[in-house]
Amino acid sequence: MKKAIKILFVALVLLFLYAPILILTVYSFTDSTTIGAIRGFSLQNYVTLFTTEDLRNMILGTIFLALGVAAISTVLGTIGAIGMFYSGKRMRTAISSVNQIPVVNADVVTGFSICILLVVVLGISKDTYIPLVIGQVVLCTPFVLLSVLPRLQQIDPSCYEAAVDLGATPGMALRKIILPQLASGIVSGFSLAITLSLDDYFIATYTKPATFDTISTYVVNATKGSQTDIKTALWALSTIIFVVVILIVVLMNLQARRGEHTLKSKTGRVGA
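Residues numbered from 1 in each chain as written. Predicted model: local features only at pLDDT ≥ 70, side-chain atom pairs only at ≥ 80, totals over all residues. Heavy atoms only, no water.

### Considerations on unusual backbone geometry
When glycine is set aside, most residues are seen to have a negative phi, and most peptide bonds are trans. Positive phi outside glycine occurs at Tyr 129, with the angle close to 70 degrees. Examined against the element boundaries, Tyr 129 turns out to sit in the loop between helix H5 (107-121) and helix H6 (130-153). You can call Tyr 129 partly exposed: its relative accessible area is 33%. (Helix = DSSP H or I, 4+ residues; strand = E, 2+ residues; numbered from the N terminus. Buried < 20%, exposed > 50% of the residue type's maximum accessible area, 1.4 Å probe, protein only.)

In structure tokens:
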């Protein structure tokens, strides 16, 4: 009975999480203009998505922005995690406290504050994309640090010290010993930063150029408009994003299992 209740509870949670996305996916393959009345099968939403110039430019611009922000955030977050790990107790506590502020702070407060600081006080134009990039880097970097730090804590600190004692420079020991063992955490942080950049709305709203839209800001503006074909094309975009995320998660899990299997095989050979 207890097992059945647990299974039912999990099923209900999954239903509430994924039912709206699955409904949107179904409607993306129809010619319906509103949710509630299913019409005939159609791929027109996907045709509109890839043939409308505004939509293509918006998608490509958002992807390039997310990749650039994720790259910068990954570098800063990895450096911050390494510096925090090898710092003293007081410095480690201070860095951890500062890192938690953007994590728990509301995005709307972060976006508005960055807009005031960079645009109003420093006079940096939004058309330069600098406020937008800095705002999203501030949002993503703390999460990269939190992704890298647990992996760093699993490393034996004596490995770095042994490499230095054997003649390696600190930079060489970092590149050859530390960074390879942080690869999984760095990849996870990079993926998380891309997701956060794609998902961000408030920071982008306050800091983006007037002629530029991310996926999130475009979707919100499109839902207020009267162009029905654009609204339904966004159903197709949501479906594609969902499928891509599923594929990435599956591939990452398969790669992790393959790495664990390889590690067990090597350990068994050494033991033999």
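### Things to note about helix H2 (residues 44-51)
Each α-helix winds once per 3.6 residues, and so residues spaced three or four apart point in a common direction. Residues Asn 45, Tyr 46, Thr 48 and Leu 49 constitute the buried set of H2. An end-on view of H2 places all buried positions within 160 degrees of arc, on one side of the element. Residues Phe 50 and Thr 51 are exposed on H2 and point more than 90 degrees away from its buried face. (Arc of directions from axis to C-beta.)

### Focus on the packing of aromatic side chains
Taken as a whole, this structure holds 8 aromatic pairs when the rule is applied. With 6.1 Å between their ring centres and 80 degrees between their planes, Tyr 27 and Trp 235 make a pair best called edge-to-face. Placement of Tyr 27 in helix H1 (residues 2-28) and of Trp 235 in helix H12 (residues 228-271) is noted, with a sequence separation of 208 residues between them. With respect to class, Tyr 27 is no different from Trp 235; both count as buried. (Phe/Tyr/Trp six-rings, centres within 6.5 Å; stacked < 30°, edge-to-face > 60°.)

### A short note on the nonpolar core
The biggest cluster of nonpolar side chains holds 25 residues, and the ones touching the most others in it are Val 148, Leu 149, Leu 152, Ile 178 and Leu 182. Sorting the residues of this core by element identifies helix H3 (53-85), H6 and helix H9 (183-199) as the ones contributing at least two each. Contacts of Leu 149, omitting those with residues within four sequence positions, involve Ala 81, Met 84 and Phe 85. With 13 residues, the next largest nonpolar core counts Tyr 46, Leu 55, Ile 59 and Ala 236 among its residues. (Core = buried A, V, L, I, M, F, W, Y, C linked by side-chain atoms within 4.5 Å. Contact = heavy atoms within 4.5 Å.)

### Some remarks on the packing of helix H7 (residues 157-165) against helix H8 (residues 170-181)
At a minimum axis distance of 9 Å, the contact between H7 and H8 shows a crossing angle of 135 degrees. Between H7 and H8, the interaxial angle falls into the category oblique. Relative to H8, the crossing made by H7 is right-handed. Every residue of H8 that contacts H7 at Cys 159, Tyr 160, Ala 163 and Val 164 is listed here: Pro 170, Ala 173, Leu 174, Ile 177 and Ile 178. Partitioning the contact of H7 with H8 into residue classes produces 9 nonpolar, no polar and no charged. (Axes fitted to C-alpha atoms, helices over the stretch in contact; angles between N-to-C directions. Parallel < 35°, antiparallel > 145°, perpendicular 65-115°, else oblique. Left-handed = near helix turned anticlockwise from the far one by under 90°. Nonpolar A, V, L, I, M, F, W, Y, C, P; charged D, E, K, R; others polar.)

### What to know about the state of the cysteines
Applying the stated rule across the entire model yields 0 disulfides. Looking at the unpaired Cys 115, the closest cysteine sulfur is the one in Cys 140, lying at 18 Å. Given a relative accessible area of 11%, Cys 115 falls into the buried group. Assessed through its relative accessible area of 0%, Cys 140 is described here as buried. (Disulfide = S-S within 2.5 Å.)

### So, the side chain of Asn 99
Mapped onto the elements of the fold, Asn 99 is located in helix H4 (residues 89-104). Apart from residues lying up to four places away in sequence, Asn 99 is in contact with Pro 142, Leu 145 and Leu 146.

### Things to note about the environment of Thr 74
Residue position: Thr 74 is located in helix H3. Thr 74 sits in the buried class, given a relative accessible area of 9%. Distance in space between the C-alpha atoms of Thr 74 and Phe 190 is 5.6 Å, their sequence separation being 116 residues. Ignoring any residue separated from it by four or fewer positions in sequence, one finds Thr 74 in contact with Val 144, Ile 186, Gly 189 and Phe 190. Polar contacts involving the side chain of Thr 74 include one to the main-chain carbonyl oxygen of Ala 70, which spans 2.6 Å. (Polar contact = N/O pair within 3.5 Å; in protein donor to acceptor, adjacent residues only side chain to side chain.)

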